[in-house]
Amino acid sequence: MTLREALRKGRNKLMPLGAEDDAELLFLAAFGLDRTRYLICENDPADPEALAVYKGYLERRLRYEPAAYILGRWEFMGFPLRVDPTVLIPRLDTEILAGTAVEEASAHILRQAPASFSMLDLCTGSGCLAIAVLSMVADQCPGACLVMDACDLSEKALKTARTNAKVNKKDINFYQGDLFEAVPNKTYDLIVSNPPYIESDVIDGLDPQVKDYEPRLALDGGKDGLDIYRRIIAEAADHLKPDGSLLMEIGDEQGQTVPDLARKESSLAFVKVVKDLEKRDRVCVFRKEPNV
């Protein structure tokens, strides 16, 4: 069997799942190839040992295990990450949150030129947000003194996040605890969070690769999906410096309900909702007014 035939069979096998792209991703990993090298040697015989590894990958994927967990790695905005079932697999939607956070942070630094700019990533999971935001703000504002903290309720998730920070050579302070309980006496210029926001009764109806493999703790937002938003909004003002910003990823039907929560339960000023590439509501931006 040639490499091309092995890949074709893998694609056909995963076609019922609509996961043909994963067939190629798993193929390249099993055979230790990149796309360019494959195109050069696609007619070469498939190494039997690598082929056995590939078949094992395909069987796992057919049981709906995500490719990211099979490989133990993923990428977020160009940053390599190690992932496992203790953390959510980073998604494209969260890139909107990261990009908006970088815009907010850069504008604040240019506007105020603070001696240092402090940031917090709540519910950090794999650490993807903390790593990407810290890196990109540093690129946008060279010379700025940046401090990044990150926290999560799960110590297992934090272990993965610490590994990712080390792999990407980023200096991030990690804290274990339930939301702001992890950093009780600290205030920040910017707080970002991708909290759990799926309604509890909806989770069991999700795609098996999500409901059966990704951590429920990072998915379940309570009966109406808003439990964690209520807590963050109620406490965030006490942990923001004047003119500080709170940014949260939201579900595509929460663009009205989350700002309404802030209007009722917080002194934070609602700034805007940012849409994703599909024109769906994806990020809420709030700010602590300087005189509050």
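Residues numbered from 1 in each chain as written. Predicted model: local features only at pLDDT ≥ 70, side-chain atom pairs only at ≥ 80, totals over all residues. Heavy atoms only, no water.

Draft legend 1. Seen up close, the pattern of salt bridges. Under the definition given, this model contains 23 salt bridges. A salt bridge links Lys241 to Asp189; the nearest nitrogen and oxygen atoms lie 3.7 Å apart. Of the two residues, Lys241 is situated in strand 7 (residues 240-249) and Asp189 in strand 6 (residues 188-193); the sequence distance between them amounts to 52 residues. Salt bridges here are not isolated pairs; linked through shared partners, they connect Asp93, Asp276, Arg280 and Arg282. (Salt bridge = Lys/Arg side-chain N within 4 Å of Asp/Glu carboxyl O. Helix = DSSP H or I, 4+ residues; strand = E, 2+ residues; numbered from the N terminus.)

Draft legend 2. Representation of a positive patch on the surface in the model. Residues Arg4, Arg8, Lys9 and Lys55 make up a contiguous surface patch of positive charge. With three residues, the single largest contributor to the positive patch is helix 1 (residues 3-14). By the element assignment, Lys9 lies in helix 1. (Patch = residues over 30% accessible without salt bridge, like charges linked within 9 Å, V, L, I, M, F, W, Y side chains within 5 Å. Areas by Shrake-Rupley, 256 points an atom, 1.4 Å probe, with all protein chains shown as cover. Lys, Arg positive; Asp, Glu negative; His and termini not counted. Charge placed at Lys NZ, Arg CZ, Asp CG, Glu CD.)

Draft legend 3. Seen up close, the sheet that holds strand 4 (residues 146-152). As summarised here, the arrangement of the seven strands in space is 5-4-3-6-7-9-8, forming an open sheet in which the pairing is mixed. Unpaired on one side and paired on the other, strand 5 (173-176) and strand 8 (269-275) mark the two borders of the sheet. Ignoring which end each strand starts from, the neighbouring axes of this sheet average 20° apart. Here six bridges tie strand 8 to strand 9 (residues 281-287), and the two strands are oriented antiparallel to one another. Its bridge partner lying in strand 9, Lys272 is registered against Val285. Relative to the sheet, helix 6 (residues 92-112) contacts strand 3 (117-122), strand 4, strand 6, strand 7, strand 8 and strand 9, its axis offset from that of strand 7 by approximately 165°. Of the strands in this sheet, strand 3, strand 4 and strand 6 are in contact with helix 7 (residues 128-140), which crosses strand 4 at around 170°. (Pairing = 2+ DSSP bridges. Axes fitted to C-alpha atoms, helices over the stretch in contact; angles between N-to-C directions. Contact = heavy atoms within 4.5 Å.)

So yeah, pure geometry; function would need other evidence.
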